[in-house]
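Secondary and tertiary structure notes
Below are the chains, spelled out letter by letter.
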Amino acid sequence: MEPDWTCPFCSLLCDGFALERGPQALVLHGTDCPRARAGLAAHAQREAPAAWIDGSVATFEEALAEAARRLAQWRQPLLAGLGTDMAGARALYRLAARTGALYDHADGEALMHGLRALQDRGQWYTTLAEIRARADLMVCVGTQAVAHYPEFFRRCGLDRADTPCRRLVFFGGEAPARVPEGVPVQCIAGTGELLADLQQLAACLGKAPGGRRDPELAALATALREARYAVLVWEAATLPAHGALAVELLNLIVATLNASTRAGSFALGGSDGAYAVQQVFTWLSGLPLRTRATGAGAEHDPLRFAGPRLLDDHAVDGLLWVWSFAPDRLPPPTKLPRIVLGPPAMGPRLRQAEAAEHCVFLPVATPGLNAAGHLFRTDGVVVPLVAARDDGLPGVDRIAARLLEKLEVSA
């Protein structure tokens, strides 16, 4: 077995694994990552790829034609979910521009924390390779890191005897059950208010005199100053409300440290195509997600154009839900008409959730499982994916392109 498979089920996009064709499912070798195994298990039962219209089985062409007909009738559609790869994102952007759609990723709220901080103040960022080669102090801020990204510490090289890391700190939370052996671990609970603790840490690093300061935070500030290369790790999905403020404080801390030593921040997030779609839509339109595309230009509003808010406010009249990864990530409950692009196993789940009415379902392939593709890794590196098997399913890019063709013909 060649270790040539790259796992698409989180934004670490770990490679060097091997997949063996078992009698009923693919068998994973080279890792015990629960996220990779859960992703494969979700697609283990190879459902017959059935398209349907309002719960009634239809041919692919019939369902495609009906989806295009309904999409043409919507005056303000919402493209949501957006769990796809770069090729799918390109095709969906063209479809959004043609229909004047609003668009947001299913994890858009977490994405916005880092985006809004970047728009306001910029950022100091590092990569997995830099961490492996240089980081002697790692501080996980408000996250255990491996709870949602089980291979993270291994990808940072903390399991190696020659790791440069001399200290691993969990700030604002507890350490996970499994931590790398050989690296000293410290937990700093703080006050339980992450924003207040980050403000105090920033003050400890600043030159201005301050009042009474927490001894643990003062000691952490000293350790950060003395480190040759410190990395502050944060996870967008675990940040509190108004998480952009926490990200701005992290960037301020890193900027202060870089005046006298070296430091960077590292964000965990962007799984299920979130970073890929964010990047592709931004370079095609000049604006990130939570934007309305029209022939006259594009309008961006990170609050008003949030997908859940648009649905709650009845600001759209149709939902195109795209999710080519986990088949249980169904569209949010709504009475709006829906077009759903998802793995074959999502079809039965939609019926079980009584969501088949006013819905057209089209099965699609999953990048890295039964289709090739490209995704953005959490540190911004583009990673190619190979298909582990061929189920004869179209990708999101193909279906979006066919929908666009039908809209152009009917115009």
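Report on the accompanying structure. (Residues numbered from 1 in each chain as written. Predicted model: local features only at pLDDT ≥ 70, side-chain atom pairs only at ≥ 80, totals over all residues. Heavy atoms only, no water.)

1. Regarding the overall build of the chain
Helix and strand content of the chain: 13 helices and 18 strands. Over its C-alpha atoms the chain spans a radius of gyration of 23 Å, differing by no more than 12% from the 22 Å that the globule rule assigns to 411 residues. The principal-axis extents of the C-alpha atoms in the chain amount to approximately 70 × 50 × 35 Å. Of all 411 residues assigned to the chain, the portion counted as buried reaches 53%. (Helix = DSSP H or I, 4+ residues; strand = E, 2+ residues; numbered from the N terminus. Rg over C-alpha atoms; globule rule 2.2 N^0.38 Å. Buried < 20%, exposed > 50% of the residue type's maximum accessible area, 1.4 Å probe, protein only.)

2. Brief notes about the sheet that holds strand β14 (residues 318-323)
Pairing is mixed in the open sheet, where nine strands are placed in the order β4-β3-β16-β15-β14-β5-β6-β12-β13. Every interior strand has two partners, whereas the edge strands, β4 (56-58) and β13 (297-300), have only one. Sheet topology places β14 next to strand β15 (residues 338-342); four bridges connect them, and they run parallel. Opposite Trp321, over in β15, you have Val340 as the bridge partner. The sheet contacts of helix α3 (residues 86-99) involve β5 (77-83), β6 (102-103), β12 (291-294) and β14, and relative to β5 the element is tilted by about 170 degrees. (Pairing = 2+ DSSP bridges. Contact = heavy atoms within 4.5 Å. Axes fitted to C-alpha atoms, helices over the stretch in contact; angles between N-to-C directions.)

3. A few points about the packing of helix α2 (residues 60-73) against helix α13 (residues 396-410)
For the pair α2 and α13, the least separation of the axes is 9 Å and the interaxial angle reads 60 degrees. The angle between α2 and α13 places the two elements in the oblique class. For the pair α2 and α13, the crossing hand works out as right-handed. Along its contact with α2, which presents Phe60, Glu61, Leu64, Ala65, Ala67, Ala68, Leu71 and Ala72, the element α13 presents Ile399, Arg402, Leu403, Lys406 and Leu407. A breakdown of the residues in the contact of α2 with α13 according to their chemical character gives 10 nonpolar, no polar and three charged. (Parallel < 35°, antiparallel > 145°, perpendicular 65-115°, else oblique. Left-handed = near helix turned anticlockwise from the far one by under 90°. Nonpolar A, V, L, I, M, F, W, Y, C, P; charged D, E, K, R; others polar.)

4. Observations regarding the pattern of salt bridges
Applying the stated criterion to the full structure yields 20 salt bridges. Linking Glu66 and Arg70 is a salt bridge whose minimum nitrogen-to-oxygen distance equals 2.7 Å. Here Arg70 and Glu66 lie together in helix α2, a separation of four residues that amounts to about one turn. Residue class for Arg70 comes out buried when judged on its relative accessible area of 11%. In this structure, the salt-bridge partner of Arg304 is Glu299, at a minimum N-O distance of 2.6 Å. (Salt bridge = Lys/Arg side-chain N within 4 Å of Asp/Glu carboxyl O.)

5. Describing the packing of aromatic side chains
Per the counting criterion, the structure on display carries 12 aromatic pairs. With a centroid separation of 5.5 Å and 80 degrees between ring planes, the pair formed by Tyr93 and Phe281 is classed as edge-to-face. Placement of the pair is Tyr93 in helix α3 and Phe281 in helix α10 (residues 274-285), with a sequence separation of 188 residues. Like Tyr93, the residue Phe281 is buried in the burial classification. The positively charged end of Arg35 is found above the aromatic ring belonging to Tyr149, 5.3 Å away from the centroid. (Phe/Tyr/Trp six-rings, centres within 6.5 Å; stacked < 30°, edge-to-face > 60°. Lys NZ or Arg CZ within 6 Å of the ring centre and 35° of its normal.)

6. Side note on helix α7 (residues 194-205)
Here α7 spans 17 Å end to end across 12 residues, near enough to the 16 Å set by a 1.5 Å rise per residue. Those residues of α7 that fall on the buried side of the exposure criterion are Leu194, Asp197, Leu198, Leu201, Ala202, Cys204 and Leu205. Summarising the axial view, the buried residues of α7 lie within an arc of 155 degrees, below the 170-degree limit, and thus occupy one face. Buried positions along α7 lie against β7 (137-141), β8 (167-171), α8 (215-226) and α9 (243-257). (Expected span 1.5 Å × (residues − 1). Arc of directions from axis to C-beta.)

7. Some details on the side chain of His43
Locating His43 in the fold gives a position in the loop between α1 (34-42) and β3 (51-53). A polar contact is formed between the side chain of His43 and the backbone oxygen of Phe325, at a distance of 3.0 Å. (Polar contact = N/O pair within 3.5 Å; in protein donor to acceptor, adjacent residues only side chain to side chain.)

8. So, the sheet that holds strand β11 (residues 262-268)
Spatial ordering of the open sheet is given by β9-β8-β7-β10-β11, a layout of five strands whose pairing is parallel. Because the sheet does not close on itself, it has two edges, and the strands there are β9 (185-188) and β11. Averaged over all pairs of adjacent strands, the angle between their axes in this sheet comes to 20 degrees, without regard to strand direction. Here β8 pairs with β9 via four bridges, running parallel. Of the residues in β9, the one forming a bridge with Phe171 is Ile188.

9. Quick notes on α13
Its 15 residues place the ends of α13 21 Å apart at the C-alpha level, agreeing with the 21 Å of an ideal helix rising 1.5 Å per residue. Listed in full, the buried residues belonging to α13 are Val396, Ile399, Ala400, Arg402, Leu403, Leu404 and Leu407. Packing partners of the buried residues in α13 comprise α2, α3, β14, β15 and β16 (359-363).

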